[in-house]
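For reference, the chains in residue letters:
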Amino acid sequence: MGLLSSWNRIKAVIKEGNEYFYQVWSSGTQYSQSKKLQLILENPAALFLILMLCDLYSMGEYKLYREGSEEPEDSHDLLDFLNDPNPMQTKEQFAWDYMFWRKLGCANLYLDSKILKGSDNMGYWLSGDCIEWPDWFDRNKNTLFVSRASVRELMQKQLVYKTDSQTLPFRYENLKQFHDISNGIKGWFTSPSRVDAIYKIINNSDAALDSKNINIRFSGKYIVAGKHDAKDINSLPMGEGEKKDIETKMLGKRSVHAMKSMVDIKRFVERSDVMKNIDESYLDDAMKIGQMFKVPQDVIGNLTKGSTYENQEMARASLASYCLQPDSEDFCQGILDHFGITGYTLKYSFDHLPFVQAFEKDRSEVKKNLAKAFLDMVNAGADQQQTADYLGLDIDSFGPRNESQTTTEETKIRKLA
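Residues numbered from 1 in each chain as written. Predicted model: local features only at pLDDT ≥ 70, side-chain atom pairs only at ≥ 80, totals over all residues. Heavy atoms only, no water.

A. Fine view of the overall build of the protein chain. Within the protein chain, the secondary structure is distributed over 16 helices and ten strands. Per-residue burial for the protein chain yields a buried fraction of 35% across its 417 residues. Taking the intrachain contacts of the protein chain between residues at least 6 apart in sequence as the baseline, contacts between residues at least 24 apart amount to 66%. Total accessible area on the protein chain is roughly 25700 Å²; 52% of this is exposed by carbon and sulfur atoms. (Helix = DSSP H or I, 4+ residues; strand = E, 2+ residues; numbered from the N terminus. Buried < 20%, exposed > 50% of the residue type's maximum accessible area, 1.4 Å probe, protein only. Contact = heavy atoms within 4.5 Å. Areas by Shrake-Rupley, 256 points an atom, 1.4 Å probe, with all protein chains shown as cover.)

See the structure below:
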């Protein structure tokens, strides 16, 4: 009976250990939004990358185009709302928050109305942990809403936004979600987060910083030892008085010190390359975190390693084009859909910013080379339309060719340059 009782106790400990391991593992890989927020805010490498994305994104501006028009609208109720989204934020702060919450996994936008009333509309980005979702949403997270009735039922479901000072009930139709990763993976109302995938990298980065901090503190400390042989009975160990005398002399301003016996001086941290390796490890972690957020390695390198001004501008332009533009298009289409606006296209543009000119220079060179290639091929006898198609030029009408003067189409092509 004693053996059986001991075995039961062992099994109970193993079970408890497994449950503890699962709790630790799951809490480390499936962060709540508040834990993700804390994790990002406390790590310099991750925070630098997300702040860089948010800062650049907040510099953009909204442009609304009527279908078939190349000129943006001067005024519209939608532009009034986007430029003054709520009484607590400017349009830049509102845009900044969108990118920040999105990169944590999902940006939840509360809109007080589906009827566009210009500056009378209000929109707030909600903290995900403050949204209370009824069990109905969990049961139907993978439900296919295939009928109008089922969609109407979904839109009328009530949620609650609860903070320390407020309890705000609202319908699902007043919530617009923008998921960083598709909401078709874990359920319609939530999505995986990139932060869950990089939590170990962030923790390693934190550990590297802690290690550097310890090394720096100990690099200024020294061990001063006397010459004492434990086998020599005539050699006495260093006494307290002698220790204090040596410490006083070592911390003094004199350059020459007379000692009764030779002393040995060593640093606590002997290897000079330790902190350099830690710095390299930190930058490597920043690169890995950046890759997860779709930031190219050369962009991180150009923005962190003191590259030329032109290369930094190119890096920012690349970031806007490849990382921020797709997210902006998702937001613009989502806003149009929420308010039921048709016949218009909403764009979030970075063209007015100085760093975009770095791209414009390259575009101009490309157009110039295409124009020259077109003229060379046509002058050699190639068909104009086939040449334009081959070079990817959007031209579908050509004037008659006249050898004595430049053709209309050649004029168009030269203008491209």
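B. Local environment of the sheet that holds strand E7 (residues 175-179). Pairing in this open sheet of three strands is antiparallel, and the strands run E3-E2-E7 from one edge to the other. Both outer strands of the open sheet, strand E3 (123-126) and E7, are each paired with one neighbouring strand and no more. Strand-to-strand twist of the sheet, defined as the mean angle between neighbouring strand axes without regard to direction, takes the value 25 degrees. Note: strand E2 (residues 106-111) against E7, five bridges, orientation antiparallel. Counted as the bridge partner of Leu-109 is Lys-176 from E7. In this fold helix H5 (residues 91-103) packs onto E2, E3 and E7, with an angle of close to 135 degrees to the strand it touches most, E2. (Pairing = 2+ DSSP bridges. Axes fitted to C-alpha atoms, helices over the stretch in contact; angles between N-to-C directions.)

C. Structural context of unusual backbone geometry. Unusually for a residue other than glycine, Lys-294 sits at a positive phi of about 70 degrees. The residue Lys-294 is located in the loop between helix H11 (274-292) and helix H12 (297-304) in this model. A relative accessible area of 33% places Lys-294 in the partly exposed class.

D. Representation of the nonpolar core in the model. Counting residues in each nonpolar core, the largest one holds 58 residues, and the members touching the most others are Tyr-57, Leu-78, Trp-125, Val-295 and Phe-331. Those residues in contact with Tyr-57 that sit more than four places away from it in its chain are Ala-95, Tyr-98, Met-99, Leu-324, Ser-328, Phe-331, Tyr-348 and Phe-350. Within the second largest apolar cluster, twelve residues are counted, among which are Tyr-110, Ile-131, Trp-136 and Tyr-172. (Core = buried A, V, L, I, M, F, W, Y, C linked by side-chain atoms within 4.5 Å.)

E. Spotlight on the packing of aromatic side chains. Applying the stated rule across the entire model yields 26 aromatic pairs. Judged by centre distance (5.6 Å) and plane angle (50 degrees), the rings of Tyr-57 and Tyr-98 are tilted. Separated by 41 residues along the polypeptide, Tyr-57 in helix H3 (residues 44-57) and Tyr-98 in helix H5 bring together distant segments of the chain. For Tyr-98, a relative accessible area of 1% puts it in the buried group. Ring geometry for Trp-136 against Phe-137: centres 5.2 Å apart, planes inclined by 85 degrees, an arrangement best described as edge-to-face. Its relative accessible area of 13% is what places Trp-136 among the buried residues. On the basis of relative accessible area, Phe-137 is assigned to the buried category, the value being 2%. These aromatic residues form a ring-pair network of at least three members: Tyr-57, Tyr-62, Phe-81, Phe-94, Tyr-98, Trp-125, Phe-178, Phe-331, Phe-339, Tyr-348 and Phe-350. Its end group placed over the ring of Tyr-65, Lys-347 keeps NZ or CZ at 5.3 Å from the ring centre. (Phe/Tyr/Trp six-rings, centres within 6.5 Å; stacked < 30°, edge-to-face > 60°. Lys NZ or Arg CZ within 6 Å of the ring centre and 35° of its normal.)

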